[in-house]
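Examination of the molecular architecture
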Amino acid sequence: MIAGIASFLVLISLFIPWYSFAAAAAQAGEQATPAQQQLVLAICGDQPAVCSSDVPPQFSVSALGGGAGGWRFLILVVAIIAVLYVLSRTLEPVARVFPYHWQVLVGITAFQGLLVLIAFAANPLGILGSLGSSSWAFGAFVALIAAIAAVVGATLVMRENKKLHAVSPALSDAARG
């Protein structure tokens, strides 16, 4: 249950700001490299008010926003799979058919955690570093904590399953059907 709720939090966090940027000066755009200009243009497609202003831009980007990188959609897909998997385990007939619950749960949440960790470390606005300062926003921290909680929840399921098998292997075989 912990893994499902935490994976749902990862899913929700993908839609709130993960990365933020504040430009150092208004003329910073003149010093920008082509790669920096492309990133700013990608972000301006989602937030035109930021780019049309005369003041140095300050903006935030969600993990799925323009300029963040398309591979982060994989986090969305894995989070949806994790939530749906945990929900499917609440159905009694499905739970009995598939006896390798904790292995799948640990695998999904560990992969989700790895993707979130990489997305946290790979700040796409870091390329704008010479033009101002980039940092993480609230969503990145929520996702990182939730991904860790999902892995911990899956590990607790693993421990519970192993404890059940250690106490009575015949009982656990009978519980499987």
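All values reported here derive from a predicted model rather than from experimental measurement.

1. Points about the packing of helix α4 (residues 73-89) against helix α6 (residues 101-121)
Interhelical geometry of α4 versus α6 gives an angle of 155° and a closest axis separation of 10 Å. For the element pair α4 / α6, the angle class is roughly antiparallel. As α4 runs across α6, the sense of the crossing is left-handed. Across the interface between the two elements, Leu 74, Ile 75, Val 78, Ala 79, Ile 81, Ala 82, Tyr 85, Val 86 and Arg 89 from α4 touch His 101, Val 104, Leu 105, Ile 108, Phe 111, Gln 112, Leu 115, Val 116 and Ala 119 from α6.

2. Some remarks on α6
Spanning 21 residues, α6 covers 30 Å between terminal C-alpha atoms, matching the ideal 30 Å at 1.5 Å per step. Where α6 is concerned, the buried positions are His 101, Trp 102, Leu 105, Ile 108, Thr 109, Gln 112, Gly 113, Leu 115, Val 116, Ala 119 and Phe 120.

3. Points about helix α1 (residues 2-13)
Residues lying three or four places apart along an α-helix face the same way, a consequence of the helix completing one turn every 3.6 residues. The end-to-end C-alpha distance of α1, which contains 12 residues, comes to 16 Å, matching closely the 16 Å that a straight helix rising 1.5 Å per residue would cover. When α1 is considered as a whole, its buried residues turn out to be Ala 3, Gly 4, Ala 6, Ser 7, Val 10, Leu 11 and Ser 13.

4. Brief notes about the side chain of Thr 109
Positionally, Thr 109 belongs in helix α6. A polar contact of 3.3 Å, which involves the side chain of Thr 109, links it to the backbone oxygen of Val 106. Those residues within four positions of Thr 109 in sequence are excluded, and the remaining contacts are Ala 3, Ser 7, Ala 150, Val 151 and Ala 154.

5. Digging into the side chain of Ser 13
One can find Ser 13 in helix α1. Judged by its relative accessible area of 1%, Ser 13 is buried. Other than its neighbours up to four places away in sequence, Ser 13 contacts Trp 18, Gly 139, Val 142 and Ala 143.

Criteria and cut-off values
Residues numbered from 1 in each chain as written. Predicted model: local features only at pLDDT ≥ 70, side-chain atom pairs only at ≥ 80, totals over all residues. Heavy atoms only, no water. Axes fitted to C-alpha atoms, helices over the stretch in contact; angles between N-to-C directions. Helix = DSSP H or I, 4+ residues; strand = E, 2+ residues; numbered from the N terminus. Parallel < 35°, antiparallel > 145°, perpendicular 65-115°, else oblique. Left-handed = near helix turned anticlockwise from the far one by under 90°. Contact = heavy atoms within 4.5 Å. Expected span 1.5 Å × (residues − 1). Buried < 20%, exposed > 50% of the residue type's maximum accessible area, 1.4 Å probe, protein only. Polar contact = N/O pair within 3.5 Å; in protein donor to acceptor, adjacent residues only side chain to side chain.

None of the figures reported here should be taken as evidence of function without further support.
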